[in-house]
Structure formats: structure tokens, C-alpha cells
Amino acid sequence: MDDSSREEEIDTVKILVATDCHLGYMEKDEVRRHDSFQAFEEICSIAEKKQVDFVLLGGDLFHENKPSRSTLVKAIEILRRYCLNDRPVQFQVVSDQTVNFANMFGHVNYEDPHFNVGLPVFSIHGNHDDPAGVDNLSAVDILSACNLVNYFGKMDLGGSGVGQIALYPILIRKGSTSVALYGLGNIRDERLNRMFQTPHAVQWMRPEAQERCQVSDWFNILVLHQNRVKTNPKNAINEHFLPRFLDFIVWGHEHECLVDPQEVPGMGFHITQPGSSVATSLIEGESKQKHVLLLEIKGNQYRPTKIPLNSVRPFEYTEVVLKDEPDIDPNDHSSILEHLDSVVRKLIERSNQKANTESVVKLPLVRVKVDYSGFMTINPQRFGQKYVGKVANPQDILIFSKSSKKAGKEAKFDDSERLRPEELNQQNIEALVAESNLKMEVLPVSDLDVALHNFVNKDDKMAFYSCVQYNLEETRNKIARDSDAVKFEEDDIILKVGECLEERVKQRATQNKDDQPFSFNGQSLEDTRSQDIRGKSTAVGSAVSFSDDEDTTMLSASKSTAGKGRKESSQSFRSSRDASEVSKTSSRGRGRGRGRGRASNSLKQTTLDASLGFRHSQRNFCFELCLFLAFFGIEGFYMWLVAVVRIEHQGKFHYVSELQATFSLLRI
């Protein structure tokens, strides 16, 4: 190496950029369980081969909010294999590290004298591995505590109203090159969108000018993990929200690989979107070649080099419109099968031809999107049985859809808007309630939205239980404080329940969506009950407390017999049904069962407790949920919960089975 190249090497910061590794994805699938780890190991090996200064990860390192022990062990093994060595680190972190790294150690990992870190890794969190629980910890915190990852971009959403955040950069210096690295871990898009549009809610801290380094000398990088596609502008981040002083942006969360940096007109910065390293959605955008980006920075200039990932499982995608195929008879089932078989065989052949140069041939992923408008469908599972051992996903090769009737009248989405990853199927509860013409009687819709988010994305098994319990308790206490229970009439109850809901809706509107009182633990509910309930033998805290143990369930806090529990629960359900039927807002006759008896004209406090569901000796989730369903509308709640849970999180059907039992019980 000559002197000029050596001098250039001293002044050049080399960064390997990757996002959305989703470690642990499909870990229970015998064929695909190792895919995410093989891709991540290839990323680390590329970093070692290219002798980069550090690896920069853009969120969603893990697929699950609570990764399994197997996933954590494999991730730690890979990081130890490539990150711990005697290779000297050539750059310095010159900023206040206690501000940059929110852990008890407060410094970058390679400065720890007890570890030989030769390849530093910097990572933010994504929406899959975001912090949760009482201590607000992420799975990335585990790797940080092991001194394998420098976890940054974790924000404390303080302040009133929408909240306030301050982004402090990690200041990196190597020779004459200075890099300011800003990190912003995933925040709910709707909230972050409002924060960007609220003055002073997002503060960007610039480096101070020094004698040999002016503010303009810093090369400013931002790594974030948010929606970029603007199908709904309120649930995405517009590039124009970002400050113009930035030079380069690494955008995580979007799985389509658009790794070549693109300049944003009028903003002066470039954006790279590396995409995921493993296909988590069988859509067209994920069928493109996966890459990582080698970013070389010298002074205020940078040089990008995209590097393909060769260990990624091949993925072939195509779309078929049956009505456009002349050889298919709409009334002939066999002709449809023959045509789809030929399409799948061609995709498999195309994949095999691409893989001829590889030493290890993997079974390909194959997806055929079939527009069957005017035709009959076939069973995708039965169709895929003949391809077991030939493709990696025989159970879902085919996906059927119908062309929209409005397609000819409305403008088509461009490719960037169509190619959403798994968020394509997410639905907002407010929209579902509005579409179904459901009238909420006790629960604010925003509370249900938060509960669903915590249940699906944060594996919070008590989310719905806490939501229902907290709101019912709030309603009961409000009525008990404002009225004389002995003189209560039926119409008074109905009116007070409605007024209480209106007050809570207004209150939630002024709160941050992420700061609902039931979201993280049962303290708020426990405090509320402790003020109004004395002398009860059952401890409320045990019914709503949270545990980090995945195998622990706390859906029941009483040890009454099964017969007694059913009797008490059915009595409680009858009381709430009485109140609901008097208000004429109960669900249609299909969900009605026992408990249609006429209500008395005056209700004492004990009857009021029962009508709102608070029989404190009963803590079973399903029966408490019956009380909520009486106000909400049985079929509406059941339909959206089953649909959303099935769509958003495959495999989490333990609550669905309980709801099915509840639904059957309501028909008795």
C-alpha cells in the first residue's frame, strides 16, 4: 500500500449499512428456520472482509418483541464470532457518551477494558423489537448489556401533549473526517408525524463549532425506522419533515431493497433504503435481490457500494389474471389447475437456473398472485402438496384476489405505494368500528387501538384484560362519586355511562396515544381500586400484574370452583345485559342468550357493581370480556379481533380460542 492510499485509508470512515434482519423469523419452520441467521452471518462476514470501521443497523434486528432463547443464543454467537477480536478500532467517539448510550455503563463498547471489540455494531430499535414493559427494555438492550451492540436512538417521550424528543448525535472522528450519527428508534408513525408538525417537539442538537472543526465540516447521518410509503400521510413520515442540514439518511422498516442512494429534491440529502435481509412477506417488492450498502465517507463526500447477499433464499414471484388466459375454461376446474401448475413449474425452473453457480442450492420461495374474477378458486394447501420438497412454502404458493370494481375509476398506485411489507394488512380499529356502525358504550376506541397494538406487537397477554378492567372501573367510580346509588334509576345508569364515556374520550384526546394508563402495568388500576375497595380478600394487583416470564399467565386471580365461577359470571352477565337492553343498544338477536329478565326500577350499590361487571371474586378473562361485549356488540368485536389477530400475528391463537368459547357461551 503506497503512501497516498494509506493516507486516504486513515481519513476514510467505512460503514456497512443493513436494516431489518428479523432474526428468528419462521424459527419453527423446518425448512426456513435458519434463513435469517444465515443472512445476518453473511452481513457480519462482509463487514469483516471489507474491514469496515463499524456496522450500522437500522432496526428490527429481531423479528419478535420477546425473542426466544434459541434466537438470542444464535444472535449472541454470531456477534461474538465476528465482533470480538484484536483488530484495532480506528475511530474515536468524541461526544458525551453517557447521553448517546442510555445504559448503566455509558460508553461505547470497544472502550470497555474487559472486552476486545474489533468490529463495533451500532443499532437502533424497530417496531418489532421496540422497548416495552415496566422498565421499557428492548431485546437490543440484552445485546447492549452483553457489550456486543451499541444501542442508541432510544427516546424518552417526555413533555406534555404530543411529547418532546431531543436527538443528540454520536460524534465520530477518524483522521480529518468527522461524522455526526443521529439515531431515531421507532416511534408510532401517527405520533411522530404529529411531533414533526408541532413546533419544538423534535429538537436536533448540532455539534459545537471548534477551532479546527466547524459545524459545516460534520457529515450528518440519520438512521430511522418508520413508514415511508404515503398510502396514509398521517401514518408515515414525509422526507420533507427532516432538517436540511442532514447529508445522508438510512431508512429502515421498508422491506423493498432500494439501496442506491436517491436525492430528495429541494432537501439536499440522499436516502438509502437497504430493505430486509430475509423475506418476511411474499410480495413482489421482497422478490428483488437483497443488498447491503458499503458507505465510505471522506470529509463531506461519500462513496456508496452495494453488495448483494448470496445466502438469501431465492424468491420467485408472478401475477396471473385468469380471464386473460385463453387456454382456461371458467367452467373447467382441471384447466385452471393445469395452467397454475405450469406457471409454478416455470418459476421453479427459473430459480434453479439462477442457482446453478451456487455451491448450496436452497429450495425457493414461490408466490403466484391469482386474479380469479369470474372463476372458481382452488384449495391452496391441497394444490401445494405436490410441491413439498420442491419449494420452501408449499402451503401458500397461491394467493387469490379479485380485481377492484373501482380500479378503472381511480388512479393506480405506483410501485412504491403497493410494495408495503406486512403492514399491508394492518387495519385501524377506529376504521373497523366506523365501518361496522358499532356504537361504543364503555370503551374509548383509542384504548382498544392501544390494547391491540400491545397485544400483537409487544406480546402483552394482559392488554385487553387491563383495557376492559380499567375502563369499567373508571365508569363505576365515576357513577359512584356523582350520584346517590340508592336512588339510581335505569335511565340514570344509561345516561351516566354515556357521559362517562364522553369524558374519557375527551381526556384520551389530550393524552399521548402511547401513554394510556393501562398500557404497561396494572399500577393505575390497582391505585384506583385501592381507594374505593376496602376489605376485599382478593388482591387486585395479581390479576393485572405483568410478568416477563413467557410461560406465566395471570388471567385468573381467584381459586373458586368451576361451578361457582360460572354461576357468578352468568349472574354478572345477566345484570349487564339488562342494562344494555334497556338502553336499546345491545347487539342483534343472534348474540342474545340468558339474562333477558326485566330490571328493577331502583338499583342499590351492589346491583350497580354487578351491572358494570365488578364482582371482585371473579377474575376470569373470558367472563369479564362478556361484560364488555354486552356494551360493545358481540359479533362486531369478535369479527375484528379474530381477523386482525390472524392477519397481524400468525400463531397467536390462544386468545382467539378463548373468544370462540366466550362467543358460544353468549348464545346459550
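What counts, and where the lines are drawn
Every residue gets a number counted from 1 within its own chain, in the order that chain's sequence is written. Only residues with pLDDT of at least 70 are given local features in this predicted model, and only at 80 or more are side-chain atom pairs given and counted; all residues enter the totals for whole chains, interfaces and linings. Excluded from the side-chain calculations are hydrogens and water; all other atoms, namely the structure's heavy atoms, are used. UniProt positions are given in the numbering used here, feature names are shortened, and annotations may be inferred rather than shown by experiment. Here, a strand pair is defined by DSSP locating no fewer than two bridges between the strands. The helix and strand labels rest on DSSP assignments: H or I over at least four residues marks a helix, E over at least two residues marks a strand, and numbering proceeds from the N terminus. A fitted line through C-alpha atoms serves as each axis, taken over the contacting stretch for helices, and the angle formed by two N-to-C directions is quoted from 0 to 180°. By definition, residues are in contact when any of their heavy atoms lie within 4.5 Å. With a 1.4 Å probe rolled over the protein chains alone, any residue whose accessible area is under 20% of its type maximum counts as buried; one over 50% counts as exposed, and the rest are partly exposed. Definitions used throughout: a 1 Å grid over protein atoms alone; a cavity as a set of points that fits a 1.4 Å probe which cannot get out; a pocket as an open set with protein on both sides within 12 Å along at least five of seven lines; a lining residue as one with an atom within 4 Å of a point. Grid points are joined across faces, edges and corners, and a volume is the space filled by probe spheres set on the points. Note that Gly is not counted as nonpolar here; it falls among the polar residues with everything else outside the nonpolar set of Ala, Val, Leu, Ile, Met, Phe, Trp, Tyr, Cys and Pro and the charged set of Asp, Glu, Lys and Arg. Segmentation into domains, and thus their bounds, comes from an automatic or database assignment. Note on definitions: salt bridges are taken to be side-chain nitrogens of Lys or Arg within 4 Å of carboxyl oxygens of Asp or Glu. Oblique is the label for every angle not falling under 35 degrees (roughly parallel), over 145 degrees (roughly antiparallel), or within 65 to 115 degrees (roughly perpendicular). Throughout, a crossing is termed right-handed when the near helix is turned clockwise from the far one, and left-handed when it is turned anticlockwise from it by less than a right angle. To define a nonpolar core, start from buried Ala, Val, Leu, Ile, Met, Phe, Trp, Tyr and Cys residues and group those joined through side-chain atoms within 4.5 Å.

The protein carries the name Double-strand break repair protein in an unreviewed UniProt entry, which gives Nicotiana tabacum as its organism. Quoted verbatim from the Sequence similarities (unreviewed entry) field of the UniProt record, the comment on the protein reads "Belongs to the MRE11/RAD32 family."

Draft legend 1. Just the sheet that holds strand 18 (residues 398-401), in detail. In space, the three strands of this open sheet follow the order 16-17-18, with parallel pairing throughout. A single partner strand is all that each edge strand has here, and the edge strands are strand 16 (315-321) and strand 18. Ignoring strand direction, the axes of neighbouring strands in this sheet form an average angle of 15 degrees. Here strand 17 (residues 365-371) pairs with strand 18 via four bridges, running parallel. Note on strand 18: the bridge partner recorded for Val 370 is Phe 400. Running at roughly 155 degrees to strand 16, helix 7 (residues 333-354) makes contact with strand 16, strand 17 and strand 18 of the sheet.

Draft legend 2. Representation of the UniProt feature "active site" (unreviewed entry) in the protein in the model. Per the UniProt record, "active site" (unreviewed entry) is found at His 128. Tracing the backbone shows His 128 in the loop between strand 4 (121-123) and helix 5 (139-145). Residue classification places His 128 among the buried positions, given a relative accessible area of 14%.

Draft legend 3. Geometry of the pairing of strand 7 (residues 170-174). The element strand 7 is largely enclosed, with a buried count of four among its five residues. Here strand 3 (residues 92-93) runs beside strand 7; their pairing, made up of two bridges, is antiparallel. The partner of Gln 92 across the bridge, within strand 7, is Arg 173. Joining the antiparallel neighbours strand 7 and strand 8 (residues 177-184) is a turn of two residues, in which Gly 175 adopts a positive phi near 60 degrees.

Draft legend 4. Spotlight on the layout of surface pockets. Each pocket or cavity is described by its volume, and for the second largest pocket that value is around 430 Å³. Gln 289, Val 312, Arg 313, Pro 314 and Phe 315 are, among the 22 residues lining the second largest pocket, the residues nearest its centre. The set of elements that each furnish at least two residues to the lining of the second largest pocket consists of strand 16 and helix 7. For the lining of the second largest pocket, a count of residues per class yields nine nonpolar, four polar and nine charged. When residues of the lining of the second largest pocket are assigned to domains, at least three map to each of domain 1 (1-308) and domain 2 (315-401).

Draft legend 5. Representation of the pattern of salt bridges within the structure. Here the structure, examined in full by the defined rule, presents 13 salt bridges. Residues Glu 286 and Lys 290 are paired through a salt bridge, measuring 2.9 Å at the closest nitrogen-oxygen approach. Taken together, the shared-partner salt bridges in this structure form one network comprising Glu 316, Arg 350 and Lys 354.

Draft legend 6. Inspection of the packing of helix 2 (residues 35-50) against helix 3 (residues 69-83) at higher detail. Contact geometry of helix 2 with helix 3 gives a least axis separation of 10 Å together with a crossing angle of 15 degrees. Comparing their axes, helix 3 and helix 2 come out roughly parallel. Here helix 2 runs over helix 3; the crossing is right-handed. On the side of helix 2, the interface is formed by Phe 37, Phe 40, Glu 41, Cys 44, Ser 45 and Glu 48, while helix 3 contributes Thr 71, Lys 74, Ala 75, Ile 78, Leu 79, Arg 81 and Tyr 82. Here the contact of helix 2 with helix 3 is built from residues that sort into seven nonpolar, two polar and four charged.

Draft legend 7. Structural view of the nonpolar core. Judged by nonpolar contacts, the single largest core of 35 residues is most densely connected at Leu 16, Leu 23, Phe 40, Leu 61, Phe 62, Leu 79 and Val 292. Secondary structure elements with two or more residues in this core: strand 1 (13-18), helix 2, strand 2 (54-57), helix 3, helix 5 and strand 14 (291-298). When neighbours within four sequence positions are excluded, Phe 62 is seen to be in contact with His 22, Leu 23, Pro 67, Thr 71, Leu 72, Ala 75, His 128, Asp 129, Ala 139, Val 140 and Leu 143. One finds Phe 196, Ala 201, Trp 218 and Leu 246 within the second-largest nonpolar core, a separate group that totals 29 residues.

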